[in-house]
Amino acid sequence: MRLAFAVLAALALTGPARADDNAGWTLVWSDEFDGAEIDKRKWGFEVDCYGGGNDEHQCYTKSKRNAHIEDGKLVITARYERTTGPALPLAQRRHAANRDAEATRDFSSARLTTKGKAAWRYGRIEVRAKLPQGQGTWPAIWMLPEKDSYGPWAASGEIDILEAVNLGVPCAKCPGGLENTILGTLHFGGKWPNNKLASTEVPFPEVLGGFNTYAVEWYPDRIVWLVNGRTYATQTADKWHTTATKTPGAPFDQPFHLILNLAIGGKLPEGRGVGGVRLDGYPKRMEIDWVRVWQKAPPAASAAPGN
């Protein structure tokens, strides 16, 4: 979930929800969140106060105050509370001279990942979720490569299934007068700052009303974004690339793992809406009803890490 300023697309959701959503697909991985605890065989926690590289204001923790199972749903909770933790993410701490440095931020939240537990190459990834509202909120459902086969971000790619910022905030250009847009984005190209992106943002008033199903269908030659079974964006392989190779389809030809998180603040939300981060209405909750990963039968890749 990197910074993605997108131009609001002059698009509508195309057509009715498809009646044959499951035709030809095999369910290869899922979490219905029907246990008493978060399944550690499926999910790990990223714990740091790094700010995501976007000047975000939260520390990510593994506390049950920030992520727990409730009534058959995963609930990620952002709280307005001073929190201290590692200043760098784990991958950077391993090689940094200041690996033990700490940072303190004004919010706590959670970021769950399937890294090292499950990764997929191609398929349909679906997440049914209810998103929080308020200036400065930044929920995200996204994917990163299991291995940086083509080099550091963004040369190895990033797939943002769903991002939304400042939902419910007054917005003169939005239907109903409230912020209600959703984004689907790819990041690719070279190592930062030579990265590129392709992003689509569309109005989706239903995002303010409850649970919706956000998905991508990922093929070797294209990636399609859907909400409630309706397509709103497509990116084709001729629109993306990596500086590391000229192989067709790269960098989106490798296994990617899934990430669920709720960030607070950062350049994207703070630069939009009414600006900054409003402190009212905390705690904020992102609720996930289920996650399902499908692949065409026979599966193009197993859910084993690195396959």
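Each value, and the rule that gives it
- The numbers attached to residues start from 1 for each chain and follow its sequence in the written order.
- Local features in this predicted model are restricted to residues whose pLDDT is 70 or higher, and side-chain atom pairs enter the listing and the counts only when it is 80 or higher, whereas totals over whole chains, interfaces and linings include all residues.
- Hydrogens and waters are ignored; side-chain quantities use all the structure's heavy atoms.
- The pLDDT value expresses, per residue, how confident the predictor is, ranging between 0 and 100.
- Between two residues, a contact is recorded if the distance between any of their heavy atoms is within 4.5 Å.
- Cysteine sulfur atoms are paired as a disulfide whenever they come within 2.5 Å of each other.
- What counts as a helix is a DSSP run of H or I of at least four residues, what counts as a strand is a run of E of at least two, and both are numbered from the N terminus.
- The cut-offs for exposure are 20% and 50% of the maximum accessible area for each residue type, with area from a 1.4 Å probe on protein chains only; residues under the lower value are buried, those over the upper are exposed, and the others partly exposed.
- Strands pair, by our definition, only if DSSP identifies at least two bridges between them.
- The nonpolar core is taken to be a set of buried Ala, Val, Leu, Ile, Met, Phe, Trp, Tyr and Cys residues, with the residues joined through side-chain atoms within 4.5 Å.
- Any Lys or Arg side-chain nitrogen found within 4 Å of a carboxyl oxygen on Asp or Glu counts as a salt bridge.

Describe the confidence of the model for the chain, with residues and values.
This prediction gives the chain a mean pLDDT of 92; 90% of its residues lie at or above 70. Of the regions scoring below 50 in pLDDT, residues 5-11 engages in 18 contacts with residues more than four places distant in sequence or in other chains.

Any details on the state of the cysteines? Residues and values, ideally.
This model, assessed by the stated rule, comprises two disulfides. Residue Cys49 pairs covalently with Cys59 via a disulfide, S to S 1.9 Å. Around the S-S axis, the bridge from Cys49 to Cys59 shows a dihedral of about 110° and counts as right-handed. Of the two residues, Cys49 sits in the loop between β2 (44-45) and β3 (58-60) while Cys59 sits in strand β3, which places them ten residues apart along the sequence. Relative accessible area serves as the criterion here: at 2%, Cys49 is assigned to the buried category. Ordinal numbering of bonded cysteines along the chain defines a disulfide pattern of 1-2, 3-4.

Tell me what's going on with the sheet that holds strand β9 (residues 137-145), and back it up with residues and numbers.
Pairing is antiparallel across the open sheet formed by seven strands, whose spatial order is β2-β7-β16-β9-β10-β11-β12. Each end of this open sheet is capped by a strand with a single partner; those strands are β2 and β12 (195-203). For β9 and strand β16 (residues 256-264), the ladder comprises nine bridges, and the chain directions are antiparallel. In the strand pairing of β16, Leu144 is matched with His257.

Pulling in residues and values, what's your account of unusual backbone geometry?
A negative phi holds for most residues other than glycine; trans holds for most peptide bonds. Between Trp192 and the following residue, Pro193, the backbone shows a cis peptide bond with an omega angle of 15°. Looking at the element boundaries, Pro193 is found in the loop between β11 (181-189) and β12. The step from Ala250 to Pro251 runs through a cis peptide bond, and the omega angle for that step is 10°. Along the chain, Pro251 turns up in the loop between β15 (230-236) and β16. Phi is positive for Tyr122, which is not a glycine, with a value near 75°.

So what about the nonpolar core? Which residues, and what values?
Formed by 54 residues in total, the largest nonpolar core has its most connected members in Ile141, Tyr214 and Ile288. When residues in this core are grouped by element, the largest group, five residues, is from β16. Counting six residues, the second-largest nonpolar core is a separate cluster that includes Ala140, Trp153, Ala154 and Ile259.

Give a description of the pattern of salt bridges that names residues and reports values.
On inspection of all chains with the given rule, the structure shows 13 salt bridges. One salt bridge in this structure joins Glu37 and Lys64, with 3.4 Å as the shortest N-O distance. Of the two residues, Glu37 sits in the loop between β1 (25-31) and β2 while Lys64 sits in the loop between β3 and β4 (67-70), which places them 27 residues apart along the sequence. On the basis of relative accessible area, Glu37 is assigned to the partly exposed category, the value being 49%. Among the salt bridges present, the one from Arg65 reaches Glu81, with a minimum N-O distance of 2.5 Å. In this pair, Arg65 is assigned in the loop between β3 and β4 and Glu81 in strand β5 (residues 73-86), connecting sequence segments 16 residues apart. Residue classification places Glu81 among the partly exposed positions, given a relative accessible area of 23%. The network of salt bridges with common partners includes Glu70, Arg285 and Glu287.

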